[in-house]
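Below, each chain spelled out in residue letters.
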Amino acid sequence: MLLDTSGLLCLHFSTEPLYTQACIEYKKAIVRLTHNYIIAEYVALANARKLSRSSVLDFVVDLLNNPDRRRSFFKRFRAIVTQEIGLPNKRS
């Protein structure tokens, strides 16, 4: 499954019309992939909609660090995000 910008928004915010469907499809997916440009676009979209910045950044950090979910990200993006947010660049 490619986690795209609108899909991430639906998955994160229960007020989105396709939230329930996004959660169902997400749980069914065996492999979940995204890209640093998609994450950057997601943050910009959430900002444009005036959604909680801290909530959005927490969601992005969870995407990067949650070891019980199968997601593939570029290591370079992990380093950039953790540096920008001020988190240590290590996996738990």
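Everything numeric in this text was worked out from a predicted model, so none of it was measured.

So, how was this worked out
Residues numbered from 1 in each chain as written. Predicted model: local features only at pLDDT ≥ 70, side-chain atom pairs only at ≥ 80, totals over all residues. Heavy atoms only, no water. Helix = DSSP H or I, 4+ residues; strand = E, 2+ residues; numbered from the N terminus. Buried < 20%, exposed > 50% of the residue type's maximum accessible area, 1.4 Å probe, protein only. Contact = heavy atoms within 4.5 Å. Areas by Shrake-Rupley, 256 points an atom, 1.4 Å probe, with all protein chains shown as cover. Arc of directions from axis to C-beta. Salt bridge = Lys/Arg side-chain N within 4 Å of Asp/Glu carboxyl O. 1 Å grid on protein atoms, 1.4 Å probe; cavity = no way out; pocket = protein on both sides within 12 Å on 5 of 7 lines; lining within 4 Å. Points joined across faces, edges and corners; volume = space filled by probe spheres on them. Nonpolar A, V, L, I, M, F, W, Y, C, P; charged D, E, K, R; others polar.

Caption draft 1: How the structure looks around the overall build of the protein chain. Tallying secondary structure elements over the protein chain gives five helices and two strands in all. For the protein chain, buried positions account for 37% of its 92 residues. Within the protein chain, residue pairs in contact and separated by at least 24 positions form 63% of the contacts whose partners lie at least 6 positions apart. For the protein chain, the accessible area works out to roughly 6200 Å², and carbon and sulfur atoms hold 55% of it.

Caption draft 2: Seen up close, helix α2 (residues 19-28). Along α2, the residues classified as buried are A22, C23 and Y26. Along the long axis of α2, the arc covered by the buried residues comes to 100°, so they all point the same way. Every exposed residue of α2 that faces more than 90 degrees away from the buried side is listed here: T20 and K28.

Caption draft 3: Layout of the pattern of salt bridges. Inspection of every chain in the model, using the stated rule, returns two salt bridges. As a salt-bridge pair, E16 and R49 come within 2.9 Å of each other at their nearest N and O atoms. Of the two residues, E16 sits in the loop between α1 (5-12) and α2 while R49 sits in the loop between α3 (36-48) and α4 (53-65), which places them 33 residues apart along the sequence.

Caption draft 4: A look at the layout of surface pockets. Computed from the structure, the second largest pocket encloses a volume of approximately 170 Å³. If you trace the second largest pocket, you find 14 residues lining it, with G7, C10, Q21, A22 and E25 closest to the centre. Every element with two or more residues in the lining of the second largest pocket is listed here: α1 and α2. Among the elements that take part in the lining of the second largest pocket, α1 stands out by supplying five residues, more than any other. Taken together, the residues of the lining of the second largest pocket break down into nine nonpolar, three polar and two charged.

Caption draft 5: Structural context of unusual backbone geometry. Its identity is not glycine, yet K50 carries a phi of approximately 60°, on the positive side. Looking at the secondary structure, you find K50 in the loop between α3 and α4. K50 sits in the exposed class, given a relative accessible area of 74%.

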